[in-house]
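# Fold and contact review
Listed here are the chains, written in short residue letters.
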Amino acid sequence: MINNTNKAYKPIPCEIETFFKRYCAAYNHLDAHAVSQHFAVPAGIAQHGQYHHLADERALLNNLQTLCAHYQNDGFVAADFKISHFFAQGEQHAIADLAWIITRHAPQAPLQ
């Protein structure tokens, strides 16, 4: 939960929290197809310090399948998140900043 003393602060809409919970659950199952359902194409994804432009659904799914395989081979156990900041941008748009916590098999410590 966000600790915000700003009187103009509005709570995060439940649809937004639900969206990110489903997105996280898809990653926790390493289900590339389910993860892809949370993107619009074309999409831009930053991975390992590089930007990737994914022009269509096939390119997005291929990228996410490779990413999920990488996570599995890297000892991925689970992901969790916290919405650090949420900025409503009118009725239909928003910016969300998430802090992800990634737990991997020992001896690797969780990442944040």
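A brief look at the structure comes next. (Residues numbered from 1 in each chain as written. Predicted model: local features only at pLDDT ≥ 70, side-chain atom pairs only at ≥ 80, totals over all residues. Heavy atoms only, no water.)

### Looking at the overall build of the chain
The helix and strand inventory of the chain stands at three helices and four strands. Ordered by position in the sequence, the α and β elements of the chain form the string α-α-β-β-α-β-β. When burial is assessed residue by residue, the chain has 27% of its 112 residues classed as buried. If you sum the accessible surface of the chain, you get close to 8,000 Å²; carbon and sulfur atoms cover 53% of it. (Helix = DSSP H or I, 4+ residues; strand = E, 2+ residues; numbered from the N terminus. Buried < 20%, exposed > 50% of the residue type's maximum accessible area, 1.4 Å probe, protein only. Areas by Shrake-Rupley, 256 points an atom, 1.4 Å probe, with all protein chains shown as cover.)

### Some points on the side chain of His38
Topologically, His38 is positioned in the loop between α2 (32-36) and β1 (43-47). There is a polar contact of 3.0 Å between the side chain of His38 and the backbone oxygen of Ala34. Apart from the residues within four sequence positions on either side, His38 is in contact with Phe19, Arg22 and Tyr23. (Polar contact = N/O pair within 3.5 Å; in protein donor to acceptor, adjacent residues only side chain to side chain. Contact = heavy atoms within 4.5 Å.)

### Focus on the nonpolar core
With twelve residues, the main nonpolar core is built from Tyr23, Ala26, Tyr27, Ala32, Val35, Ile45, Leu54, Leu60, Leu61, Leu64, Leu67 and Cys68. Listed by contribution, the elements that provide at least two residues to this core are α1 (14-28), α2 and α3 (57-73). Here this core takes five residues from α3, the largest share from any one element. Every residue in contact with Tyr27, bar those within four places of it in the chain, is listed here: Val35, Leu64, Leu67, Cys68, Tyr71 and Phe76. (Core = buried A, V, L, I, M, F, W, Y, C linked by side-chain atoms within 4.5 Å.)

### Concerning the environment of His48
Inspection of the secondary structure puts His48 in the loop between β1 and β2 (50-54). With near-sequence residues (within four places) excluded, His48 lies in contact with Leu67 and His70.

### A word on the pattern of salt bridges
Applying the stated rule across the entire model yields one salt bridge. In this structure, Arg104 engages Asp74 in a salt bridge whose closest nitrogen and oxygen atoms are separated by 2.6 Å. Of this pair, Arg104 sits in strand β4 (residues 94-104) while Asp74 is found in the loop between α3 and β3 (76-88), placing the two residues 30 residues apart along the sequence. Judged by its relative accessible area of 17%, Arg104 is buried. (Salt bridge = Lys/Arg side-chain N within 4 Å of Asp/Glu carboxyl O.)

### Considering the packing of aromatic side chains
Taken as a whole and judged by the stated rule, the model has nine aromatic pairs. With 5.4 Å between their ring centres and 50 degrees between their planes, Phe81 and Trp100 make a pair best called tilted. Note that Phe81 is positioned in strand β3 and Trp100 in strand β4, a separation of 19 residues in sequence. Through successive ring pairs, a cluster of aromatic residues spans Phe19, Phe20, Tyr23, Tyr27, Phe39, Tyr71, Phe76, Phe81 and Trp100. (Phe/Tyr/Trp six-rings, centres within 6.5 Å; stacked < 30°, edge-to-face > 60°.)

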